[in-house]
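What the coordinates show
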Amino acid sequence: MSMPSVVAEHLGKSFGETKAVRDVSFEVQPGEVFGLLGPNGAGKTTTIRMMLDIFKPDSGRVEILGSSPDKVSKDRIGYLPEDRGLYKDIALEQVLLFLATLKGLSDAEAKNRLEPWLERVDLYEHRHKKVQELSKGMQQKAQVVATLLHEPDLIIVDEPFAGLDPVNTRLIKDIIQEQVAAGRSVIMSTHQMYQVQALCDRIVLIDRGRTVLYGRVDEIRRDFAANAVVVEGEGDFSGLPQVLEAREEDGAWRLSLEGGADPQEVLRALAARPGVKLERFERAEPSLDDIFITVVAGVKRPVARDGGAAPRDDA
Amino acid sequence: MTMRKSVLIARQEYRKNVRRRSFLLATFGLPVLMLAMMGVSILSSLQSAGDVESLGYVDRSGVLATRADDPGFRAFATEEEATAVLEAGEIKGFYVLAPDYDRSGQVELVYGERQPSAGVQDRFDEFLRANLVGSLAPEVAGRVLAGPEDIVVRAVEGGREERSAGVIDLILPFALGLFISFALMTSANYLLRAVTDEKENRTIEIVTTSVSPKEFIAGKAAGLVGVALTQVILWAVVIVAGLSLVAAFTDVMGGLKIPWSLVGVLAAFFVPLFILAVDLVVILGVVVADSRQGQQLVGALNVLFLLPLFFSPLLGSNPDGPLMVFLTLFPTTSLLAIAIRWGATLIPLWQLVTSWVILILCAGIGFWAAPRVFRQGMLRYGKRMSLRGFFDAVRARG
């Protein structure tokens, strides 16, 4: 297994009396999209800033690309903050060239790389405009270019789809997937759970400064799956063996199973029943949205995975 | 800390600022204004010179009989003759020296519609004084006219002595101190705006993922010193060129000597004072919530550095009083206080050394604290940093 791009171990950070991060641990591997999730004020941004060496952790350890953050070259990291940070009264091209040279590119190299990027995100025609003259979506795309122009090994994006229409959202998703395919690590922080579900391999969920959920997205969804199956089709779905209750929801049937029931047995029983025509049969897995709400609202205790999770502490 | 990134930030900051409309207006507007004022001064001087022929005198005392250094005033034998020429419009006025002038000093000025200019009257005074000392040996007469210009001032404690050469030596250090302080405050004001702008634009979060706080501060400060120097050097060139022009037409600049010892002292103070100013400005820029609050505090910051200016009237009565000594020792006011006092008194060596040591210590503390406060406070968008937060930031891990 290759060396992790990020190792965060029991990170803690306080500002005066406020404990922004209490105990956060996770690892990010090369070539994966990793979701850094949590409600507002959970400590995500502070965690990111510790990774970026903007803040030093009060406790714990963080390792970036095999070194401590102050020793790793900042040129190997690309960061897209939630708040757009571009000089508003300067031409777009100048801002992007300046930021690229700060990341170690020469003037000529930055210029050569910039042109195809601007063409790709449809900003080439606007390169001489001041940033403040661009729309929010254009500024967001410009920020993405600023993040990637120097070809970083670790990419941290905070709400990368903010202000984008569906076409541009698709464009940025494609770009993220290309970066991952090239072996780079992407840490994505967002509240758009369907994007996390679509893009991320693994996630960490932080709440009140602590890791409360950590692992592969598919495994977490399975762990949180209710003991039920969802069925669509024609026929009678009531009175099946090992099924406690059959309830119709949004045009589909939700069959609640007895403890220890085998869904395959239920499927076989359905297939054998005359007059039943099946169009869909699947385990009732919750969406990440549901899991997020469940965990954060404390409706259900989370299952910690991969040894990186910590139980939620409401104290 | 890598120099390359600081240089890039300095270059960017310099380019951004010198293209601002306010910069162009201030940089080129002031010299134009200065040149206009100098032009008026030269014109007035030329006019005064021309006026000499339009002014006459009637010497009933015989003081002007030798007509030493006569610049060309018209001499009349009687008042009637002078009055006739005045009424004919050939002259604008004439002086009448009383018969007992050497005892009474009484001089009467008769003029037509308009009084002759102050400049031409001054020239008549000079002409009169030159004749009054005409009987003395030329070198003695020269010293009498020039006044005391080569007094050696020696401190009681020993160790330092200075030569004083009159009013110009009092004004020159003052002007030099003001000039340096102004350049310094201009840079500081630019820097404050730059830091608060970065905070408001949220660009700081991007930039600091590429550079360290020290690289960022060093780059910003260097770029803005470049901006301030561009401005003041341009102004200095205009001033020197203008004064050279004025000197060519008048003798205002006579007896000017560059106080090199003061230049050396100010140079030694400038670097640590600049570092201290940068530290204070960075802290101020980070602590305030936005640029509006920052601009409100700029005035207070300027006062902190320019305070000796407000007490300069005390110089004549008590240049070595406790207040002036305090201002000399206080780090932010030291340079200007020294410059202001330089021409008026002999500043004891212990005060210079103590002041410099205090300044170096303060600049060092600031250089250590500013990046820490910057690191903690720069991302507090739209929020002020409390006093407690400030001390927490200073104590936090670098």
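One numbering rule holds for all chains: residues counted from 1, following each sequence as written. All chains are assigned letters beginning with A, and all ligands numbers beginning with 1, in the order in which they are written. Only residues with pLDDT of at least 70 are given local features in this predicted model, and only at 80 or more are side-chain atom pairs given and counted; all residues enter the totals for whole chains, interfaces and linings.

Turning next to the overall build of chain B. Helix and strand counts for chain B come out as 16 helices and 6 strands. Here chain B holds 398 residues, and the buried ones make up 32% of them. Considering only residue pairs separated by 6 or more positions, chain B has 75% of its internal contacts joining residues 24 or more positions apart. Elements are defined by DSSP. Helices are runs of H or I of four residues or more, strands are runs of E of two residues or more, and each kind is numbered from the N terminus. Burial is judged by counting the other C-beta atoms within 10 Å of a residue's own C-beta: 20 or more makes it buried, 12 or fewer makes it exposed, and any count in between marks it as partly exposed, with every C-beta position built from the backbone. For every residue pair, C-beta atoms are placed from the backbone, and the pair is scored as a contact if these atoms sit within 7 Å.

Turning our attention to the confidence of the model for chain B. Residue and element names in this part refer to chain B. Confidence of the predictor in every single residue is expressed as pLDDT, which spans 0 to 100. Looking at chain B, the pLDDT average stands at 78 and 82% of residues meet or exceed 70. Summarising per-element confidence for chain B, the mean pLDDT is lowest in strand β6 (residues 161–164) (52) and highest in helix α13 (residues 322–329) (91). Scoring of the predicted complex yields 0.70 for pTM and 0.72 for ipTM.

All names here are of chain A. Two elements in contact, helix α2 (residues 92–102) and helix α3 (residues 107–120), have axes whose closest approach is 9 Å; the angle formed by their N-to-C orientations is 125 degrees. In terms of orientation, α2 and α3 fall into the oblique class. For α2 against α3, the interelement crossing comes out right-handed. In this structure, α2 contributes Glu93, Leu96, Leu97, Ala100 and Thr101 to the contact, and α3 contributes Asp107, Ala110, Lys111 and Leu114. Fitted lines through C-alpha atoms give the axes, limited to the stretch in contact for helices. The angle between two N-to-C directions lies from 0 to 180 degrees. Note on terminology: angles under 35 degrees are roughly parallel, angles over 145 are roughly antiparallel, angles of 65 to 115 are roughly perpendicular, and the others are oblique. When the near helix sits turned anticlockwise from the far one by under a right angle, the crossing is termed left-handed; a clockwise turn instead gives a right-handed crossing.

Each partner contributes residues to the interface: chain B has 20 residues there, and chain A has 21 residues. Within the residue set of the side of chain B that touches chain A, elements represented by two or more residues are α1 (3–18), α8 (203–207) and α16 (387–395) of chain B. Of the residues assigned to the side of chain B that touches chain A, the class counts are 5 nonpolar, 7 polar and 8 charged. Charged residues are taken to be Asp, Glu, Lys and Arg, nonpolar residues to be Ala, Val, Leu, Ile, Met, Phe, Trp, Tyr, Cys and Pro, and polar residues to be all remaining types, Gly included.

What follows concerns the sheet that holds strand β12 (residues 252–257) of chain A. Residues and elements named next belong to chain A. Read across the sheet, 4 strands follow the order β11-β12-β10-β13 without closing on themselves; strand pairing throughout is antiparallel. Each having just a single partner strand, β11 (243–249) and β13 (277–283) make up the two edges of the open sheet. Each neighbouring strand pair of the sheet contributes to a mean axis angle of 25 degrees, computed without reference to strand direction. Here, strands pair whenever DSSP counts at least two bridges between them.

Moving on: the packing of helix α10 (residues 260–287) of chain B against helix α15 (residues 349–377) of chain B. Residues and elements named next belong to chain B. Following both chains from N to C, one finds α10 and α15 inclined at 30 degrees, their axes separated by 8 Å at the closest point. As far as their axial angle goes, α15 and α10 are roughly parallel. In the crossing of α10 with α15, the sense of the turn from one axis to the other is left-handed. When the residues that make up the contact of α10 with α15 are grouped by side-chain class, the tally is 23 nonpolar, 2 polar and 1 charged.

Looking now at α2 of chain A. For α2 of chain A, the tally of buried residues reaches 10 of 11 residues, placing the bulk of the element in the interior. Structurally, α2 of chain A contributes buried residues whose contacts are with α3 and α4 (136–148) of chain A together with α1 and α8 of chain B. Positioned one or two residues after α2 of chain A, Gly104 of chain A has a phi angle of 105 degrees, which is positive.

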